[in-house]
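# Residue-level structural notes
Letter by letter, the chains look like this.
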Amino acid sequence: MLSLPSSSSISRKKYDVFLSFRGEDTRKTFTDHLYAALKRSGIITFKDDSKIEAGEGIAPEIFKAIQESWCSVIVFSETYAFSHWCLDELAEIVKQKNKRGHKVFPIFYHVDPFDLRKQTGKVQEAFAKHEERYKQDKDKTLRWRIALTEVANIKGWHSNSRHESEFVEDIVKKVSEKLCQTYLVVPDGQLIGIDSRLKELHSKINNGEDDVYIIGICGMGGIGKTTLAKVVYAEMSSHFEGKSFLADVREVSIKCGLVSLQKQLLSHILFEEGFNLFNVHEGNAMISRRLSHKKVLLVIDDVDNIQQLKCLVGKRDWFGSGSRIIITTRDEHLLRSYGVDDVYKPTTLDDSEALQLLSLKAFNSDKVPGYDFIQLSQRVVEYVDGLPLALEVLGSFLYGRDATQWRSAITRLKKDSNKEIHDRLLISFDGLEETEKNIFLDIACFFVGEDKDFVVQILDGCEFFPHIGIDVLIKKSLLTIDENNILGMHDLLQEMGRKIVKQKFVDEPGKRCRLWEERDVYHVLTKNMATESVEGMVIDIKRKENKTFTLSVDAFLKMKKLRLLRVLNLPISDDPKYLSNELRLLEWHGYPSTLLHFSYLIATLNNYG
């Protein structure tokens, strides 16, 4: 339905807000309250804590902070204009505004903007002193006058006789709204078809008035559920006392547990750290106790288990009146059984929208060039049936190829027309070099959600040339890297990679190159069915019926090509007699060897053996 390519993500500035103020006027009063409120709302704010204005000009780090901020909030107070330090800041702010689109929000704190615009009253007195002091540098005072006039003409906030707490709350809300809108921006119209879907979803979310209202977004993988939730979250979040977007709940709950997600939810909304929760029951109690009077916006993304909802959403009285909870999932039954108020099912893109998205990915344009490509593009659109993920992947695969190659690719697609989405995406995998295929399969089976640099180190030891290989995968829309350097992959693409591995030996897991599912690993190890083909394995024994399993000393004897071994959960294990000389990653919780005195071992072994 919706498309948000990784290339369109907006890189945030170091600071959201630069706070400009006269210290002796408001440092310990209004500005201190404003700074605290901005911080509580998660707005990253630079505030200079220097007590004394030293020297003739402001420090270089102040200039840098202004340049690294998305906006400036300027507190014009009674003696602001008397400070050459403040006026230097103001001139730099205006410079960044005119040069780079830096946003400016003035606050008129017990001052009349007319005096600032016209430089009358105390402002006139201030400039008389400045012009006397800087007789030899008239350009400086002229810059100050121009900057002051320009900013004083911007619509801002007036304190008048308002209560300060209410005044501060209003400022923070407006700044938050502007920030949400800014970081939502996606260039080149790459959020295809979003307006009509947002209108439909808003019509459902706005029901219930002051009730706690829960809505599910449900549909097949790749249809745009998460993207839609992100946009709604960005648009609405400034209207709530607290907000939390819990991404990839299915994956995170498996990897880190539900308690970690409960802590994340509490930290997002309360802006506190270090919640000492030892189990989900304590988490349930903490959420219901601390959030029951807060109006919150909560997104629970990619849910696949009712227990996740019980631990993160619980009962409606866990949250304050007017709260909105959005759940994305592939499983409509899960939503219905939990008792959500409404379910929104995103539709696929219509032909016009699909053609626009395909054009952006295949031609880097919103129009298809040439008659031949128009016909070929229409055939592709017909084949993918409006699924955004398939359009993105196929468009990237066809990028830069000639019409003959397009025809060949489409003909191959037609042969698979009745297969599942796995087969539709396989064409991108087929176009990879062998080393790139290995990188893709390793990441799909073992490294989604891992730090890129960590994975590069391991794959480099496997001689897969990951620096170029990972870049190729990103360009082909098979892999993403987020702002925290974490490797990501769409669920359907990960499933595709894992099916490629399984389908070579459906009934003989011991002959597969990679093993990660408990059932297959348990079968191979207990039946001694491993072969030399096994290159990677994750041992994570969780099922009760498997708890008596003991890893034999000869378990890895046949695995001569084993490169990657992760032992995450193993009840009983003997000290293995043999580990492959090909190992490049060994991660073993509770390693049994008496020779290695570690209860937990993790190593990248580029020269093992």
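A short tour of the structure in this document, coming up. As a convention, each chain's residues are numbered from 1 in the sequence order in which they are written. Local features in this predicted model are restricted to residues of pLDDT 70 or higher, and side-chain atom pairs are both shown and tallied only at a pLDDT of 80 or more, whereas totals for entire chains, interfaces and linings draw on every residue. The basis for the side-chain values is all heavy atoms of the structure; hydrogens and waters are excluded.

What follows deals with the overall build of the protein. Helix and strand definitions here come from DSSP, where helices need a minimum of 4 consecutive H or I residues and strands a minimum of 2 consecutive E residues; each element is numbered from the N-terminal end. On a plain count of helices and strands, the protein comes out with 25 helices and 19 strands. Across the 609 residues in the protein, those meeting the buried criterion constitute 52%. A sequence separation of at least 24 residues applies to 69% of the contacts in the protein between residues at least 6 apart. Here the open area of atoms and residues is found with the Shrake-Rupley method and a 1.4 Å probe, where only the protein chains shown may cover a residue. Surface exposure of the protein reaches about 29,300 Å², of which carbon and sulfur atoms provide 48%. Each residue is assigned to one of three classes by its accessible area relative to the maximum for its type, calculated with a 1.4 Å probe on protein chains only: buried under 20%, partly exposed between the two thresholds, exposed over 50%. By definition, residues are in contact when any of their heavy atoms lie within 4.5 Å.

Tracing the chain through its elements places Lys-437 in helix α21 (residues 434-447). With relative accessibility at 17%, the residue Lys-437 sits in the buried group. Those residues in contact with Lys-437 that lie beyond four places of it in its chain are Phe-429, Asp-430 and Leu-432.

As a further point, take the pairing of strand β6 (residues 213-218). Across the 6 residues that make up β6, a large majority, 6, are buried. Here β6 shows two buried faces, one formed by Tyr-213, Ile-215 and Ile-217 and the other by Ile-214, Gly-216 and Cys-218. In this structure, β6 lies alongside strand β9 (residues 324-329), joined through 6 bridges in parallel fashion. What sits directly across from Gly-216, in β9, is Ile-327. When DSSP locates at least two bridges between a pair of strands, those strands are taken to pair. Both β6 and strand β10 (residues 342-344) contribute to a ladder of 3 bridges, which runs parallel. Following the sheet pairing, Gly-216 is matched in β10 by Val-343.

Opposite charge on two side chains permits them to pair, given that their charged atoms come into close proximity. For this analysis, a salt bridge means a side-chain nitrogen from Lys or Arg found within 4 Å of a carboxyl oxygen belonging to Asp or Glu. Enumeration over the complete set of coordinates arrives at 29 salt bridges. One salt bridge connects Asp-302 with Arg-250, and the closest N-O pair in it is separated by 3.3 Å. Here the residue Asp-302 occupies a position in strand β8 (residues 296-303), and Arg-250 occupies one in helix α11 (residues 249-256), the gap between them amounting to 52 residues. Take Asp-302 and Arg-250: they sit in the same class, and that class is buried. The closest approach of N and O atoms between Arg-563 and Asp-442, which form a salt bridge, is 3.0 Å. Residue Arg-563 is found in the loop between β15 (550-551) and β16 (564-569), and its partner Asp-442 is found in helix α21; the two are separated by 121 residues along the sequence. According to the relative accessible area criterion, Asp-442 is buried, its value standing at 0%. Salt bridges here are not isolated pairs; linked through shared partners, they connect Arg-162, Glu-166, Asp-170 and Lys-174.

Turning our attention to the nonpolar core. We define a nonpolar core as any set of buried Ala, Val, Leu, Ile, Met, Phe, Trp, Tyr and Cys residues linked to one another through side-chain atoms lying within 4.5 Å. Judged by nonpolar contacts, the single largest core of 36 residues is most densely connected at Phe-440, Ile-443, Phe-447 and Met-489. Every element with two or more residues in this core is listed here: α18 (388-398), α21, α22 (452-461), α23 (466-475) and α24 (491-504). Per element, the largest residue contribution to this core is 8 residues, and it comes from α21. Discounting chain neighbours no more than four positions away, the residues touching Phe-447 are Asp-442, Val-455, Ile-458, Leu-459, Leu-487, Leu-564, Arg-566 and Leu-585. Counting residues in hydrophobic clusters, the runner-up holds 34 residues, among them Val-249, Leu-265, Cys-311 and Ile-327.

Topologically, Ser-253 is positioned in helix α11. Judged by relative accessible area, which is 15%, Ser-253 ranks as buried. Any pair of nitrogen or oxygen atoms within 3.5 Å is treated as a polar contact; in protein, a donor-acceptor pairing is required on top of that, and neighbouring residues in sequence qualify only through side-chain atoms on both sides. For Ser-253, the side chain forms a polar contact with the side chain of Gln-308, separated by 3.2 Å. Beyond its immediate sequence surroundings of up to four residues, Ser-253 is in contact with Leu-258, Leu-261 and Gln-308.

Attention now moves to the sheet that holds strand β7 (residues 242-246). Pairing within the open sheet is parallel, and its 5 strands lie in the order β7-β8-β9-β6-β10. Since the sheet does not close on itself, it has two edges, and those belong to β7 and β10, each with one partner. Taking each pair of neighbouring strands and ignoring which way they run, the sheet shows an average axis angle of 15°. Pairing analysis gives 5 bridges linking β7 to β8, with the strands arranged parallel. Only the stretch in contact is used when fitting a helix axis, every axis being a line fitted to C-alpha atoms; angles between N-to-C directions are given from 0 to 180 degrees.

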